[in-house]
Amino acid sequence: RHLVCVTATDTAPLCGAHEASGTRSYSAVPQNTEYHPEMGLRVLLGALVRTAARYDVAATPVLSHATSHYVRTYLDLSRRASDANDALESLGYVHHCFSCLHRESRAGLIARPPAECPACGANVRTAGPLWLGQSHDNAFVGEVCDRLTNELGTEERSRDLLTTLDAELDTPTHYDQHHLCRQWGRSASAMDEFLDRLRGAGFAASRTHFGGTTFETDASVGEIETATDPASDPG
Ligand SMILES: [Zn+2]
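These remarks concern the structure in this document. (Residues numbered from 1 in each chain as written. Predicted model: local features only at pLDDT ≥ 70, side-chain atom pairs only at ≥ 80, totals over all residues. Heavy atoms only, no water.)

1. Considering the packing of helix α3 (residues 36-54) against helix α4 (residues 81-88)
At a minimum axis separation of 10 Å, α3 and α4 run at an interaxial angle of 150°. In terms of orientation, α3 and α4 fall into the roughly antiparallel class. Our pair here, α3 against α4, has a crossing hand that is left-handed. Residues Val49, Arg50 and Ala53 of α3 touch α4, and the partners they reach there are Ala84, Ala87 and Leu88. Considered class by class, the residues forming the contact of α3 with α4 number 5 nonpolar, no polar and 1 charged. (Axes fitted to C-alpha atoms, helices over the stretch in contact; angles between N-to-C directions. Helix = DSSP H or I, 4+ residues; strand = E, 2+ residues; numbered from the N terminus. Parallel < 35°, antiparallel > 145°, perpendicular 65-115°, else oblique. Left-handed = near helix turned anticlockwise from the far one by under 90°. Contact = heavy atoms within 4.5 Å. Nonpolar A, V, L, I, M, F, W, Y, C, P; charged D, E, K, R; others polar.)

Printed below as a string of structure tokens:
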């Protein structure tokens, strides 16, 4: 394997807090959403994939993680131009509604935002180009997990991170339960209970490594609101 490992600590411009600086450094426009660590990760991955493609190199992320302080990614490099073309197909844009938190992603290097938020009719704001594909490879995450040692005293923490990554759903943006509940004027529930309600309504849901109250799901904001409403419980 040919790996390149990149750490970025300029998370404010990556996440959309300083838009002009992010645009300058990464040739992408971020938006300061409630999933900002993931925004930062996908801006960085998008920039790395585009830079590699310019040299006919395909860069594929095999492991990535982010906090509010840094973004770290490991990319597998291939010298096949066709792989570089494939990698570009995972680039695209996220259109985010700051009024109701609806968001949708569309692949492609030309942004085609919806005329208005399909959920509430407000204006959407567009971030990108971003990497929309999976930001890790589950087989690679498993291999790393098998080789962990406690040499640096971080085995348990690393194992927790890798286990969470392995279970993460492959969606381009995550939600934060507390942020949603504030938006809906509702008190937050225990995370397991919240995710169980979502799954009980037939949606896929997973925790994420981005924070203790964050989750990924295939449900829309409206579907999450209905599915997780404690008032709708029988009895
Ligand atoms: Zn909306």
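2. Some words on the side chain of Thr11
Within the secondary structure, Thr11 is located in helix α1 (residues 11-15). By relative accessible area, Thr11 is classed as buried at 12%. Those residues in contact with Thr11, other than ones at most four positions away along the chain, are Thr67, Ser68, His69, Tyr70 and Val71. (Buried < 20%, exposed > 50% of the residue type's maximum accessible area, 1.4 Å probe, protein only.)

3. As for the coordination of the zinc ion
The protein atoms that coordinate the zinc ion are Cys97 (SG), Cys100 (SG), Cys117 (SG) and Cys120 (SG), at distances spanning 2.3 Å. Taken together, the 4 donor atoms coordinating the zinc ion span angles of 103 to 113° at the metal, a pattern that classifies the geometry as tetrahedral. Expressed as a motif, the donor residue spacing for the zinc ion is C-x2-C-x16-C-x2-C. Here Cys97 is found in the loop between β4 (91-96) and β5 (103-107), whereas its partner Cys120 is found in the loop between β5 and β6 (125-131), with 23 residues between them in sequence. Of the residues examined, Cys97 reaches a relative accessible area of 0% and is grouped as buried. (Donors = N, O, S within 2.8 Å, 3.2 Å for Na, K, Ca; no water. Tetrahedral: all angles 85-135°; square planar, octahedral: opposite > 155°, others 65-115°.)

4. Describing the environment of Thr149
Relative to the helices and strands, Thr149 resides in the loop between α5 (138-146) and α6 (155-167). What makes Thr149 partly exposed here is its relative accessible area of 47%. In this structure the C-alpha to C-alpha distance between Thr149 and Thr226, which are 77 residues apart in sequence, comes to 44 Å.

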